[in-house]
Structure formats: C-alpha cells, structure tokens
Amino acid sequence: MSSSAKHRSNRESLADSLKGRHSLSAGAIFCGCLAAAISLRPSLAPAQEALRNSLAGDAAAAANRLQLESIPYTFKTGDLRLLFTPTLGFEWNDNINISQTKIQEDLIVSPGMQLMVNYPISQQNILSLNVGISYDKYLDHDQYSTWQLQSGSALSFDIFIKDFRINVHDRVGYAKDSAQQAAVAGTARFGNINNTIGLNVTWDLADVTLSAGYDHENVISGTSQFNSQNRAAELIVGRAGVRVHPKVITGVEASGSFTHYEQMVLNDNAVYSAGVYADFQPGKYFQIQPRVGYSIFQFKHTSQSIQTSDLGSWYADLNVTHQVTDAVSYSLDAGHEVSPGIQSDAIEDWYFRPSITWNIIKNLSLTTSFSYQHGNQGAGNVAGNLTETYDWYTAGLGVSYPIIKKLTLSLNYRLTVRSASDPTRGYTQNMLGLQLSYHPQ
C-alpha cells in the first residue's frame, strides 16, 4: 500500500472510530458546545502564544471534520447546513468590580444567538463558520452593559493536497469578565477584542509529522481604561513529531512572537521559545500531552514609563484528558510559564486547572472545575511596572438539562478568590447564572 493510501486509510479509520464514539443527538452536541462556551473557566495566559494558537486551530479543524455529518441544523439546502440557536441568560454577581472596598452587586440579563455554518467544498475540504453574539444588560449599573462575542467564534477552511493539510482560519472573541483574568483587580471594565487570522500547514508522513504556522493577531481593548493593551503581533510556530511507538509521538517545537503596542506604555517585545513535546495515548480515550522548553523575552524599551530587563525562563505544561466511562470524564492542565502582562511587561506564574464532567443521570450533565494560579506580576521589573505576587482561585459548578425536547436549561455557579501582596488588590466574588437555550431544529 502506498504512503498516501495508508494515510487515507488511517484517517478514515480514526474518523470512523471517533464518530462511533461520539455519535450524539442534536441536543447532546449542542449541550457540549454550550457547556464549553459558558463553563466559567479561566482564560489561558498568552505565553508561547503561537504554539497555543496552532494547537487550538488543529483541535478546532479536527472537530469540524468529524462532526460534519452528525451536527444538528435549523436549515439545510444541499450540503449547506445552518444552525441558529437563540439563548437567554440571567446572572447574579455580588462583586462586579472585583474589589476589596467598592463592592457592588447586579443582575445581568443576556439575550444571545449562536450561528453555526458548515459547507463541504469537497469530500475532505470543509468551510466552517461559528459565531455567537449576546448582549449583557446590567440592570443597576448600565454603564457596564456591553456586547459579547463568544470565545470560539471562527471561520475555518481545510484544504487537503495529498499528504498535506492546510488550515486557513480567522478566530475572534470578546468577553468582559475581569474576574477571569488573574492579574486584574479592582475593575469591572477589563475585556479585549482579539482577532487572529492565519494558516497552518501539516505534512503527514505516517510516522513523521511536520507542521508550520503563521498568525497575525490584533488585540483591542474594550474600554479606554486598558487602551495600553492595544497591540498587533506576528506569531510563527514550527513542530516536528515522530511516532516512536504505536501509542507515543514525540518531537520538538519552536515559536516566535513579535509584538508592537499602539501606546508607549508597555514595551514592544520579541519572544522566542523552543522545547520538546510528547503525545501519549495509553488507551483509546486517554491522552497525556507533556511539553517543556525555554522562553526568552527581549524588550525594546519603547515605553515612556516602564523599564524591564530581558527575561529567560523555562516553561512546562501537562495536559491530561480521560474519558473514564460513558458517564465520567476529566481533564487536567498544569504548568509554569512567563507571559506578557497587563499593567506590567511580564508575569511569571504557576497554574493548575482540573475539571470533571459527570453524566451519571440520564440527560443531565454536571461539570465541576477548579483553577489555581500563583503569579509574580512585574517579573524583570527595573522601574515602573506594577509589581505584586498573587494567588488566584476559582471553583465552578455547572448543570445542564433538556427540560423539554427543544429547550435546555443550564445552571452555573462560580466562586473566585484573589489574595495579593497588596491587600487592596484582593477580593471575593460569587456568580450564579441561569441560561435557557432553544434548539429550533
């Protein structure tokens, strides 16, 4: 059998296996997407951002390919599938300013709409669009009301040419949730519009896989208070992996990012990283992915008020996913990194993020999650950076249940606690949310 035919056979076998494992009802698929969107999870810090974007793009492209035949739709003409899902959310927040002293509570009403479009250009080439938009209306503090563009909104297109896969994508998101950024305290106004456009090319040679990617990223602050975050970045990444065992892939990775800020508050910088990674699958539904390497931050001293010395530090990440049974699955992400800051040039942190999904009761999905981050804000500070050490904890509980055939009810609770070397930047926040989602298909 030729190498190309062998790859096609392997890919088809994998797709058939995964489809059999994930042959979900329309409601179940949507509930999974909804849970991912509103699980009140912490956002990822942008260290090794080119690598993170590449891995996220690969995962999204794989999901699109495998779910095309099973995803629900509201309207279909030929091979074009469109799914419209209206939502209505209610959220009570007892500390919208994430403040130690200026504590204000509010009830937030959030009507929204999710649009998913899928169109196969050919048997293997799929054009996909996923856009979610909602409006958060604060009933007592209208100055904080805002539009939200759900994380994961994206346009993605896969092109297959023999053993090559080319993914072209544009991912965009905006969320104003200050408590989900560990380095922020004392404000309800933090939120960035993030748009990333680029491509990733993968060359699959059976036991060897080579990939390279390029992204252009634009970040725009949603409020004038954080206009210093407005920036553009060029992100490049390369990976080479070898299958050393039927269950083990190992390889090397390298990335670079080059960031320019619009304002002369934070310093323009170049970040380079290199390391090794592995992908170990001891079982069909069990995956372990360790990564370790070294990053170098070079600052260009463009700021009028901040001086930071160049930094060099190691990074490491361990990601574990395990579908234990049809009813129980868990994931774990833990590691160490240095990332660009918000009111400082750099943050060095440790993180630990486990979550468990329980589907013990028929049609009821229960998710429990926890996150911890210990950070040093102002790493490498010479002058002008906000400097502090902090500990940031979140604990979440989410329940989703289809109360009738086309209507799903989701309940979510999140506790966030932050302590810091500056006591005024600590806080406690409780959030309780309810969301109704209607599936017209």
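In this text the structure is predicted, and so the values were computed from the model without any measurement.

Parameters and conventions
Residues numbered from 1 in each chain as written. Predicted model: local features only at pLDDT ≥ 70, side-chain atom pairs only at ≥ 80, totals over all residues. Heavy atoms only, no water. Helix = DSSP H or I, 4+ residues; strand = E, 2+ residues; numbered from the N terminus. Buried < 20%, exposed > 50% of the residue type's maximum accessible area, 1.4 Å probe, protein only. Contact = heavy atoms within 4.5 Å. Areas by Shrake-Rupley, 256 points an atom, 1.4 Å probe, with all protein chains shown as cover. pLDDT = per-residue confidence, 0-100.

### With respect to the overall build of the protein
- On a plain count of helices and strands, the protein comes out with three helices and 21 strands.
- Buried residues in the protein amount to 42% of all 441 residues.
- A sequence separation of at least 24 residues applies to 57% of the contacts in the protein between residues at least 6 apart.
- Looking at the protein as shown, the accessible area adds up to about 20700 Å², and 61% of this sits on carbon and sulfur atoms.

### Here's the deal with unusual backbone geometry
- At Lys162, a residue that is not glycine, the phi angle is positive and equals roughly 55°.
- Relative to the helices and strands, Lys162 resides in the loop between strand E5 (146-161) and strand E6 (164-174).
- A positive phi angle, near 55°, is found at His301, a position not held by glycine.
- Residue position: His301 is located in the loop between strand E12 (286-299) and strand E13 (307-308).
- The class for His301 is exposed, based on a relative accessible area of 52%.

### What to know about the confidence of the model for the protein
- For the protein, the mean per-residue pLDDT works out to 86, and 83% of the residues sit at or above 70.
- A low-confidence stretch, residues 1-47 stays under pLDDT 50, and its non-local contacts, those more than four residues away or across chains, total 64 contacts.

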